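Architecture at a glance
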Amino acid sequence: MTPPDRHAKPQSQFQHPALAVILGWLLPGAGHMLLGQRTRGLRVMAGILGLVCVGVLIGGVDAVDSVRDKLWYMAQLGAGPIVVLVDVLNQQVARTLPQPAQFHTMGLGHLNAIGTLYIALAGLMNIVALLDLLRTREPEAPARRSQDAALGGTAN
Amino acid sequence: MWQLAWIPFLEPMHFMQGLWYLLAIPLLVGIAMVHKGLRLPERGLWLRGVGIMTLQSLLGLVGLAVGLYLLVLVIVPQL
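Keep in mind that this is a model prediction, so the values were computed, not measured. (Residues numbered from 1 in each chain as written. Chains lettered and ligands numbered in written order. Predicted model: local features only at pLDDT ≥ 70, side-chain atom pairs only at ≥ 80, totals over all residues.)

**Side note on the overall build of chain B**
Here is the rule: Labels follow the DSSP assignment, with helices taken as runs of H or I lasting at least four residues and strands as runs of E lasting at least two, numbered in each case from the N terminus. Only the C-alpha atoms count toward the radius of gyration. The rule for a globule is 2.2 Å times the residue count to the power 0.38. Here the C-beta atoms are placed from the backbone, and a residue counts as buried if at least 20 other C-beta atoms lie within 10 Å of its own, exposed if 12 or fewer do, and partly exposed otherwise.
When you go through chain B residue by residue, the secondary structure sums to two helices and zero strands. In terms of overall dimensions, chain B is more spread out than a globule: its C-alpha atoms have a radius of gyration of 18 Å, far above the 12 Å expected for 79 residues. Structurally, chain B occupies a C-alpha span of about 55 × 40 × 15 Å along its principal axes. Expressed as a percentage of its 79 residues, the buried residues of chain B come to 30%.

Below is the structure:
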(Lines give C-alpha, C1' and ligand atoms only; values in the text may rest on other atoms or scores of the structure.)
Protein backbone atom coordinates (compact mmCIF):
# COMPACT_ATOMS: atom_id res chain seq x y z
CA MET A 1 0.00 0.00 0.00
CA THR A 2 1.42 3.36 -1.01
CA PRO A 3 1.67 5.80 1.89
CA PRO A 4 -0.10 9.11 1.33
CA ASP A 5 2.09 12.00 0.19
CA ARG A 6 2.37 14.05 3.36
CA HIS A 7 3.57 17.05 1.39
CA ALA A 8 0.74 17.11 -1.12
CA LYS A 9 -1.49 20.15 -0.88
CA PRO A 10 -4.97 19.32 0.30
CA GLN A 11 -7.33 20.37 -2.45
CA SER A 12 -10.87 21.38 -1.70
CA GLN A 13 -13.75 20.91 -4.06
CA PHE A 14 -13.71 24.66 -4.61
CA GLN A 15 -12.10 25.38 -7.98
CA HIS A 16 -12.47 29.10 -8.55
CA PRO A 17 -9.01 30.62 -8.10
CA ALA A 18 -10.22 34.06 -9.25
CA LEU A 19 -12.68 34.21 -6.36
CA ALA A 20 -9.96 32.94 -4.03
CA VAL A 21 -7.69 35.79 -5.23
CA ILE A 22 -10.39 38.36 -4.52
CA LEU A 23 -11.01 36.87 -1.07
CA GLY A 24 -7.24 36.73 -0.48
CA TRP A 25 -7.03 40.45 -1.15
CA LEU A 26 -10.00 41.27 1.05
CA LEU A 27 -8.53 39.24 3.93
CA PRO A 28 -4.93 38.05 3.45
CA GLY A 29 -4.71 34.26 3.76
CA ALA A 30 -8.44 33.70 3.30
CA GLY A 31 -7.95 32.71 -0.34
CA HIS A 32 -5.72 29.80 0.65
CA MET A 33 -8.25 28.73 3.26
CA LEU A 34 -10.97 28.77 0.63
CA LEU A 35 -8.91 26.37 -1.48
CA GLY A 36 -8.53 24.00 1.48
CA GLN A 37 -5.06 25.10 2.59
CA ARG A 38 -6.06 26.18 6.06
CA THR A 39 -2.64 26.08 7.72
CA ARG A 40 -0.96 27.92 4.86
CA GLY A 41 -3.71 30.54 4.92
CA LEU A 42 -3.32 31.08 8.65
CA ARG A 43 0.45 31.49 8.29
CA VAL A 44 0.08 34.00 5.47
CA MET A 45 -2.60 35.86 7.42
CA ALA A 46 -0.41 36.02 10.52
CA GLY A 47 2.54 37.33 8.50
CA ILE A 48 0.69 39.94 6.43
CA LEU A 49 -1.58 41.27 9.17
CA GLY A 50 1.35 41.16 11.60
CA LEU A 51 3.43 43.34 9.28
CA VAL A 52 0.56 45.81 8.83
CA CYS A 53 -0.15 46.01 12.58
CA VAL A 54 3.50 46.46 13.53
CA GLY A 55 3.92 49.03 10.74
CA VAL A 56 1.01 51.09 12.07
CA LEU A 57 2.29 50.62 15.62
CA ILE A 58 5.71 51.99 14.63
CA GLY A 59 4.68 54.78 12.29
CA GLY A 60 1.18 55.55 13.55
CA VAL A 61 -1.69 56.07 11.13
CA ASP A 62 0.56 58.47 9.22
CA ALA A 63 2.42 55.40 7.89
CA VAL A 64 -0.37 55.13 5.29
CA ASP A 65 -0.90 58.33 3.37
CA SER A 66 -2.64 58.28 0.00
CA VAL A 67 -2.07 62.01 -0.49
CA ARG A 68 1.63 62.55 0.27
CA ASP A 69 2.98 59.01 -0.32
CA LYS A 70 1.05 57.92 -3.41
CA LEU A 71 3.60 55.44 -4.76
CA TRP A 72 4.05 53.79 -1.38
CA TYR A 73 0.27 53.70 -0.99
CA MET A 74 -0.04 51.76 -4.25
CA ALA A 75 2.26 49.06 -2.88
CA GLN A 76 0.50 49.12 0.49
CA LEU A 77 -2.88 48.57 -1.17
CA GLY A 78 -1.85 44.98 -1.88
CA ALA A 79 -2.51 44.18 1.78
CA GLY A 80 -6.22 44.81 1.28
CA PRO A 81 -8.96 47.03 2.68
CA ILE A 82 -7.28 47.30 6.08
CA VAL A 83 -4.85 49.74 4.44
CA VAL A 84 -7.73 51.81 3.09
CA LEU A 85 -9.19 51.88 6.61
CA VAL A 86 -5.91 53.15 8.08
CA ASP A 87 -5.70 55.80 5.36
CA VAL A 88 -9.25 56.94 6.10
CA LEU A 89 -8.34 57.17 9.80
CA ASN A 90 -5.28 59.21 8.85
CA GLN A 91 -7.10 61.60 6.52
CA GLN A 92 -10.41 61.90 8.36
CA VAL A 93 -9.37 61.64 12.02
CA ALA A 94 -5.68 62.38 12.56
CA ARG A 95 -5.59 65.31 10.12
CA THR A 96 -8.63 66.93 11.67
CA LEU A 97 -7.27 66.98 15.23
CA PRO A 98 -6.34 70.32 16.83
CA GLN A 99 -2.83 71.46 15.92
CA PRO A 100 -0.84 70.26 19.00
CA ALA A 101 -2.44 66.80 18.91
CA GLN A 102 -2.06 66.61 15.13
CA PHE A 103 1.67 67.19 15.51
CA HIS A 104 1.98 64.09 17.71
CA THR A 105 0.33 61.88 15.08
CA MET A 106 2.79 62.91 12.35
CA GLY A 107 5.51 60.41 11.57
CA LEU A 108 8.97 61.94 11.26
CA GLY A 109 12.33 60.64 10.08
CA HIS A 110 13.17 56.96 10.33
CA LEU A 111 9.93 55.96 12.03
CA ASN A 112 7.72 57.21 9.23
CA ALA A 113 9.95 55.55 6.62
CA ILE A 114 10.09 52.24 8.50
CA GLY A 115 6.35 52.15 9.24
CA THR A 116 5.61 52.90 5.59
CA LEU A 117 8.07 50.22 4.50
CA TYR A 118 6.51 47.58 6.77
CA ILE A 119 3.06 48.07 5.26
CA ALA A 120 4.36 48.35 1.69
CA LEU A 121 6.21 45.05 2.11
CA ALA A 122 3.05 43.49 3.56
CA GLY A 123 1.20 44.60 0.42
CA LEU A 124 3.85 43.22 -1.91
CA MET A 125 4.05 39.93 0.02
CA ASN A 126 0.28 39.57 -0.22
CA ILE A 127 0.52 40.03 -3.99
CA VAL A 128 3.01 37.14 -4.00
CA ALA A 129 0.49 35.11 -1.97
CA LEU A 130 -2.25 35.98 -4.48
CA LEU A 131 -0.02 34.82 -7.35
CA ASP A 132 0.58 31.61 -5.41
CA LEU A 133 -3.18 31.06 -5.41
CA LEU A 134 -3.23 31.16 -9.21
CA ARG A 135 -0.42 28.59 -9.32
CA THR A 136 -2.17 26.24 -6.92
CA ARG A 137 -3.67 24.03 -9.61
CA GLU A 138 -0.39 23.51 -11.46
CA PRO A 139 0.80 19.92 -10.95
CA GLU A 140 4.47 20.75 -10.33
CA ALA A 141 3.79 22.98 -7.34
CA PRO A 142 3.47 20.15 -4.75
CA ALA A 143 6.60 18.49 -6.13
CA ARG A 144 8.61 21.69 -5.70
CA ARG A 145 7.38 22.08 -2.16
CA SER A 146 8.38 18.46 -1.45
CA GLN A 147 11.89 19.33 -2.63
CA ASP A 148 11.91 22.23 -0.17
CA ALA A 149 10.91 19.88 2.60
CA ALA A 150 13.64 17.41 1.60
CA LEU A 151 16.13 20.25 2.04
CA GLY A 152 15.13 20.46 5.67
CA GLY A 153 12.53 23.14 5.25
CA THR A 154 15.10 25.87 5.02
CA ALA A 155 15.17 26.52 1.31
CA ASN A 156 14.74 30.14 0.43
CA MET B 1 7.26 62.20 30.30
CA TRP B 2 5.68 62.63 26.89
CA GLN B 3 6.04 58.91 26.24
CA LEU B 4 3.29 58.30 28.78
CA ALA B 5 0.88 60.08 26.47
CA TRP B 6 1.74 57.85 23.53
CA ILE B 7 -1.40 56.45 21.92
CA PRO B 8 -0.54 53.14 20.18
CA PHE B 9 -1.52 52.85 16.50
CA LEU B 10 -2.38 56.56 16.32
CA GLU B 11 0.94 58.16 17.19
CA PRO B 12 4.35 56.95 15.96
CA MET B 13 6.77 55.35 18.44
CA HIS B 14 8.86 58.50 18.77
CA PHE B 15 10.89 56.94 21.58
CA MET B 16 12.32 54.42 19.06
CA GLN B 17 13.81 57.17 16.88
CA GLY B 18 17.32 56.48 18.16
CA LEU B 19 16.95 52.70 17.95
CA TRP B 20 15.42 52.51 14.50
CA TYR B 21 17.83 49.83 13.31
CA LEU B 22 16.34 47.34 15.78
CA LEU B 23 13.03 47.61 13.93
CA ALA B 24 14.55 45.61 11.05
CA ILE B 25 14.22 42.43 13.13
CA PRO B 26 10.40 42.20 13.30
CA LEU B 27 10.30 43.20 9.63
CA LEU B 28 12.50 40.24 8.72
CA VAL B 29 10.41 37.94 10.91
CA GLY B 30 7.21 39.03 9.13
CA ILE B 31 8.71 38.55 5.67
CA ALA B 32 10.01 35.11 6.67
CA MET B 33 6.61 34.13 8.09
CA VAL B 34 4.87 34.81 4.78
CA HIS B 35 7.65 33.41 2.61
CA LYS B 36 7.97 30.17 4.56
CA GLY B 37 4.21 29.90 4.86
CA LEU B 38 3.97 29.83 1.08
CA ARG B 39 7.05 27.74 0.32
CA LEU B 40 6.93 25.01 2.93
CA PRO B 41 4.37 22.18 2.92
CA GLU B 42 1.52 22.61 5.35
CA ARG B 43 3.06 20.12 7.77
CA GLY B 44 6.57 21.50 7.35
CA LEU B 45 8.73 22.88 10.12
CA TRP B 46 7.45 26.42 9.69
CA LEU B 47 8.76 27.99 12.88
CA ARG B 48 12.21 26.50 12.33
CA GLY B 49 12.23 27.78 8.75
CA VAL B 50 11.13 31.25 9.88
CA GLY B 51 13.87 31.37 12.51
CA ILE B 52 16.59 30.26 10.12
CA MET B 53 15.51 32.63 7.35
CA THR B 54 15.34 35.55 9.80
CA LEU B 55 18.86 34.82 11.03
CA GLN B 56 20.16 34.45 7.47
CA SER B 57 18.57 37.76 6.41
CA LEU B 58 19.86 39.52 9.51
CA LEU B 59 23.39 38.23 8.95
CA GLY B 60 23.12 39.35 5.33
CA LEU B 61 22.11 42.86 6.37
CA VAL B 62 24.91 43.08 8.94
CA GLY B 63 27.38 41.77 6.37
CA LEU B 64 26.26 44.38 3.85
CA ALA B 65 26.59 47.11 6.46
CA VAL B 66 30.11 46.02 7.41
CA GLY B 67 31.11 45.66 3.75
CA LEU B 68 29.83 49.12 2.85
CA TYR B 69 31.49 50.62 5.92
CA LEU B 70 34.83 49.15 4.92
CA LEU B 71 34.40 50.19 1.29
CA VAL B 72 33.40 53.79 1.99
CA LEU B 73 35.50 54.61 5.05
CA VAL B 74 38.57 52.38 4.64
CA ILE B 75 39.17 51.23 1.07
CA VAL B 76 38.04 54.24 -0.97
CA PRO B 77 40.02 56.81 1.09
CA GLN B 78 43.19 54.84 0.41
CA LEU B 79 42.77 54.94 -3.35
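**So, the overall build of chain A**
In plain terms, the rule: Residue pairs are scored as contacts if the distance between their C-beta atoms, which are placed from the backbone, is within 7 Å.
Within chain A, the regular secondary structure consists of eight helices and zero strands. Counting over 156 residues, chain A shows a buried share of 41%. Excluding contacts between residues fewer than 6 apart, the proportion of contacts in chain A whose partners are at least 24 apart in sequence is 70%.

**As for the interface of chain A and chain B**
Tallying the contact residues gives 44 residues for chain A and 31 residues for chain B. Residue assignment for the side of chain A that touches chain B shows that the elements contributing at least two residues are helix H3 (38–59), helix H6 (99–105), helix H7 (109–135) and helix H8 (140–150) of chain A. Ranked by the residues each element gives to the side of chain A that touches chain B, the list is headed by H3 of chain A, at 14 residues.

**So, the nonpolar core**
Heads up, the condition is: By convention in this section, buried Ala, Val, Leu, Ile, Met, Phe, Trp, Tyr and Cys residues joined through C-beta atoms within 7 Å make up a nonpolar core.
Judged by nonpolar contacts, the single largest core of 48 residues is most densely connected at Ile-48, Tyr-118, Ile-119, Leu-121 and Ala-122 of chain A. Secondary-structure elements contributing two or more residues to this core are helix H1 (17–26), helix H2 (30–34), H3, helix H5 (81–93) and H7 of chain A together with helix H1 (24–39) and helix H2 (46–78) of chain B. With twelve residues, the top contributor of residues to this core is H7 of chain A. For Ile-48 of chain A, the contacting residues outside a window of four places in its chain are Pro-28, Gly-29, Ala-79, Ala-122, Met-125 and Asn-126 of chain A together with Val-34 of chain B.

**What to know about the confidence of the model for chain A**
Residues and elements named next belong to chain A. Just so we agree on the cut-off: In predicted models, pLDDT denotes the confidence assigned by the predictor to each residue on a 0 to 100 scale.
The pLDDT averaged across chain A works out to 83; a share of 78% of its residues lies at or above 70. Counted against residues more than four places away or in other chains, residues 1–8, with its pLDDT under 50, gives seven contacts. Note that pLDDT drops below 50 for residues 150–156; the model gives that stretch eleven contacts with residues more than four away or on any other chain.

**Focus on H1 of chain A**
Considered for burial, the residues of H1 of chain A that qualify are Ala-20, Leu-23, Gly-24 and Trp-25 of chain A. At its buried positions, H1 of chain A is contacted by H2 and H7 of chain A.

**Digging into the packing of H1 of chain A against H7 of chain A**
A pair of packed helices can be characterised by two numbers: the angle between their axes and the separation between those axes. Residues and elements named next belong to chain A. As a reminder of what qualifies: To obtain each axis, a line is fitted to C-alpha atoms, and for helices this fit is confined to the stretch in contact; angles are then taken between N-to-C directions over 0 to 180 degrees. Throughout this description, any angle smaller than 35 degrees is read as roughly parallel, any larger than 145 degrees as roughly antiparallel, any in the 65 to 115 degree range as roughly perpendicular, and the remainder as oblique. We call a crossing left-handed when the near helix sits turned anticlockwise from the far one by less than a right angle, and right-handed when that turn is clockwise.
Two elements in contact, H1 and H7, have axes separated by 9 Å at closest approach and are oriented at 165 degrees. By the angle between their axes, H1 is roughly antiparallel relative to H7. As for how H1 packs across H7, the hand of that crossing is right-handed. In this structure, H1 uses Pro-17, Ala-20, Val-21, Gly-24 and Trp-25 to contact H7, whose residues at the interface are Ala-129, Leu-130, Leu-133 and Leu-134.

**Side note on the packing of H3 of chain A against H1 of chain B**
Here H3 of chain A crosses H1 of chain B at 160 degrees, and the two axes come no closer than 8 Å. Here H3 of chain A is positioned roughly antiparallel relative to H1 of chain B, judged by the angle of their axes. Judged by the twist between their axes, the crossing of H3 of chain A over H1 of chain B is left-handed. Contacts between H3 of chain A and H1 of chain B involve Arg-40, Arg-43, Val-44, Ala-46, Gly-47, Ile-48, Gly-50, Leu-51 and Val-54 of chain A on the former and, on the latter, Pro-26, Gly-30, Met-33, Val-34, Gly-37 and Leu-38 of chain B.

**Quick notes on unusual backbone geometry**
With glycine set apart, most residues show a phi of negative sign, and most peptide bonds adopt trans. Residues and elements named next belong to chain B. Even without being a glycine, Phe-9 presents a positive backbone phi close to 75 degrees. As for its position among the elements, Phe-9 is in the segment before H1. Taking the C-beta count within 10 Å as the criterion, Phe-9 has 15 such neighbours and is therefore assigned partly exposed.

**Considerations on the environment of Arg-48 of chain B**
Take Arg-48 of chain B: it is sitting in helix H2. Residue class for Arg-48 of chain B comes out partly exposed when judged on the 14 C-beta atoms lying within 10 Å of it.

**Some points on H5 of chain A**
Each turn of an α-helix holds 3.6 residues, which means side chains three or four residues apart point in the same direction. Residue and element names in this part refer to chain A. As a reminder of what qualifies: Helix span, expected: 1.5 Å multiplied by one less than the number of residues in the helix. It is the directions from the helix axis to the C-beta atoms that the arc portrays.
Under the 1.5 Å per step criterion, the end-to-end length of H5 is 17 Å for 13 residues, consistent within 8% with the ideal 18 Å. Residues of H5 that are buried: Ile-82, Val-83, Val-86, Asp-87 and Asn-90. Taken down its axis, H5 places every buried residue within 140 degrees of arc, on the same side. In H5, the exposed positions that point more than 90 degrees away from the buried face belong to Pro-81, Leu-85, Gln-92 and Val-93. Of the surrounding secondary structure, the elements contacted by the buried residues of H5 are H3, helix H4 (70–76) and H7.

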